[in-house]
Amino acid sequence: MTTYPMPVLADEELASARARLEDADVRLLSGSVVDPAGVIRAKHVPAQRAGAFHVSGMGASPSWNVFCVDNAIAFTPRFGVVGDLRLRADLTALRVLGEGLAWAPAEMFDQSGAPAPVCTRGLLRGTVAGLAERGLDARLGCELEMVLTPRSGPGWNAYGLGALLDIEPFVLDLLAAADRAGLPIEQLHAEYGDSQLEFSISPTDPLTAADHVVLARLLACRVARRHDVAVSFSPLPFAGGSGNGAHQHLSLSLGGAPLLSGGTGPYGLTDDGSAALGGIVAGLPELTAVFAGSVLSQHRLQPGHWSGAFACWGWENREAAVRLLAATPGNPHGASVELKCIDPSANPYLAAAAFLGLALEGLAESEPLPPEVTVAPAELTAEEAARTGTVRLPADQASALEALESSDRARRLLGEEILEALMAVRRYELETYGGKDVEAVAEKLRYSWSA
Ligand code: GLU
Ligand code: MG
């Protein structure tokens, strides 16, 4: 895998970033990474030290990559207590958040300044560059589902107007914070679950899209603190309740021409678009542990939950892991594929890199597109499932991890180091919480993926 290093600002660009922080009265700059368990970790510097955070970086033990959802450490031969990584803030993605705080995503480097292969933002940067080498441009739009706690109790109507009004002060403050930070929100609604809210973020380049997921969680959790509520980004905030998804929408173009519309395939797919879609569907069972790999994920990834528990595709099919949205006047961003099986315990950089990587491999291999599934896949007869190649995604964490560990595709797309760290933290979850009462585990991990 090739790595494409983070851009380094020239002296005058650094000076202008510093001036921007000073003009906005920023006191503190937070630089975050998302670890393989999907948890956001950060270091912080006084604003005057922004240059040092960008150029030489702040220290982090390699064990940052094997921190677990409950802060245990799943050491591996590669990730132990000896050594040092540098977290370098990408100031090209700097956002001023107001009231003295600024944020930037960070990437991991070794002490000599070489990108660390375990860095998931670096992997996504490399994946995007790999697409560009083939003339491909990708746009990614991300959805954020979250549950506000303490719950407002009975009376929450799914998609209800009143439900939204109940939390109006929080929502209005969050929209103001998003505006100030330059986070583009497309729409929001009261989701199906009790006290569940969804925001969709506008499509943009994949690296910025994954940064936006982190920024949106930071803002939601920051604003929530002022309203005396908390926000859960757990795949299963409450046992027996609705899960939180973290769906991603991908569109692709080649030399400016869309791949998912304007062709002669189903719904206007081009040959390359069909192959990309085929690659995504084909790779899902092996990569489920990347998209929905935590100990709680499988409780969400169930038939009937609109979470995409089956590897198959279908036009506007909300029960298929891969939902195709065609280019119509009702869809101004053009055609896209939504990967529904992703949940918020997935590292968004890693999920995006795997999603794009599957599409690219499908395209490169001219992967055949299986027949469409036009009903809820759980209703397919055995013959129809065989005809459409539909399979249930691994239905428990142990099977998802086994599938990932033995996958050459995962090794190619993610690299050994990320795979080692990811397997370590998820195996820890399986061993520690796998056999326990779901209600207790949901409670214990309710805020693990919040900021
Ligand atoms: N909450 C569902 C999930 O876990 C998604 C509902 C929907 O937006 O379709 O993914
Ligand atoms: Mg939703």
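Quick note: structure is the one above.
This section reports on the structure supplied with the text. (Residues numbered from 1 in each chain as written. Chains lettered and ligands numbered in written order. Predicted model: local features only at pLDDT ≥ 70, side-chain atom pairs only at ≥ 80, totals over all residues. Heavy atoms only, no water.)

**Comments concerning the overall build of the chain**
Now for step 1: The helix and strand tally for the chain stands at 14 helices and 16 strands.
Now for step 2: Radius of gyration (C-alpha) of the chain: 21 Å, near the 22 Å computed for a compact globule of 451 residues.
Now for step 3: Its C-alpha atoms put the chain at 65 × 50 × 50 Å along the principal axes.
Now for step 4: A burial count over the chain gives 59% of its 451 residues as buried.
Now for step 5: Put simply, of all contacts in the chain between residues at least 6 apart along the chain, 72% involve residues at least 24 apart.
Now for step 6: In the form shown here, the chain has an accessible surface area of approximately 17,400 Å², with 53% of it arising from carbon and sulfur atoms.
Now for step 7: Considering the chain, the positive charge centre built from 34 side chains and the negative charge centre built from 54 side chains are found 5 Å apart. (Helix = DSSP H or I, 4+ residues; strand = E, 2+ residues; numbered from the N terminus. Rg over C-alpha atoms; globule rule 2.2 N^0.38 Å. Buried < 20%, exposed > 50% of the residue type's maximum accessible area, 1.4 Å probe, protein only. Contact = heavy atoms within 4.5 Å. Areas by Shrake-Rupley, 256 points an atom, 1.4 Å probe, with all protein chains shown as cover. Lys, Arg positive; Asp, Glu negative; His and termini not counted. Charge placed at Lys NZ, Arg CZ, Asp CG, Glu CD.)

**Notes on the nonpolar core**
Now for step 1: With 148 residues, the main nonpolar core has L91, L284, F291 and V322 as its most contacted residues.
Now for step 2: Examining the composition of this core, we find that 13 residues originate from one element, helix α6 (residues 206-226), more than from any other. (Core = buried A, V, L, I, M, F, W, Y, C linked by side-chain atoms within 4.5 Å.)

**Let's talk about helix α11 (residues 397-405)**
Now for step 1: If you check which residues of α11 are buried, you get Q397, A400, L401 and L404. An end-on view of α11 places all buried positions within 95° of arc, on one side of the element.
Now for step 2: If you follow the buried residues of α11, they end up packed against α7 (271-291), α8 (297-300), α12 (408-414) and α13 (416-433).
Now for step 3: Regarding α11, its N-cap is D396, as a side-chain oxygen of that residue lies 3.2 Å from the backbone nitrogen of A398 further along. (Arc of directions from axis to C-beta. Polar contact = N/O pair within 3.5 Å; in protein donor to acceptor, adjacent residues only side chain to side chain.)

**Focus: the coordination of the magnesium ion (ligand 2)**
Now for step 1: Looking at the magnesium ion (ligand 2), the protein donor atoms are E145 (OE), E191 (OE) and E198 (OE), and they sit 1.9 to 2.2 Å from it.
Now for step 2: All donors of the magnesium ion (ligand 2) belong to a single chain; written as a sequence motif, their spacing is E-x45-E-x6-E. Of the two residues, E145 sits in strand β7 (residues 136-149) while E191 sits in the loop between β8 (185-190) and β9 (196-201), which places them 46 residues apart along the sequence.
Now for step 3: On the accessibility criterion, E145 (8% relative accessible area) is buried.
Now for step 4: E191 sits in the buried class, given a relative accessible area of 9%. (Donors = N, O, S within 2.8 Å, 3.2 Å for Na, K, Ca; no water.)

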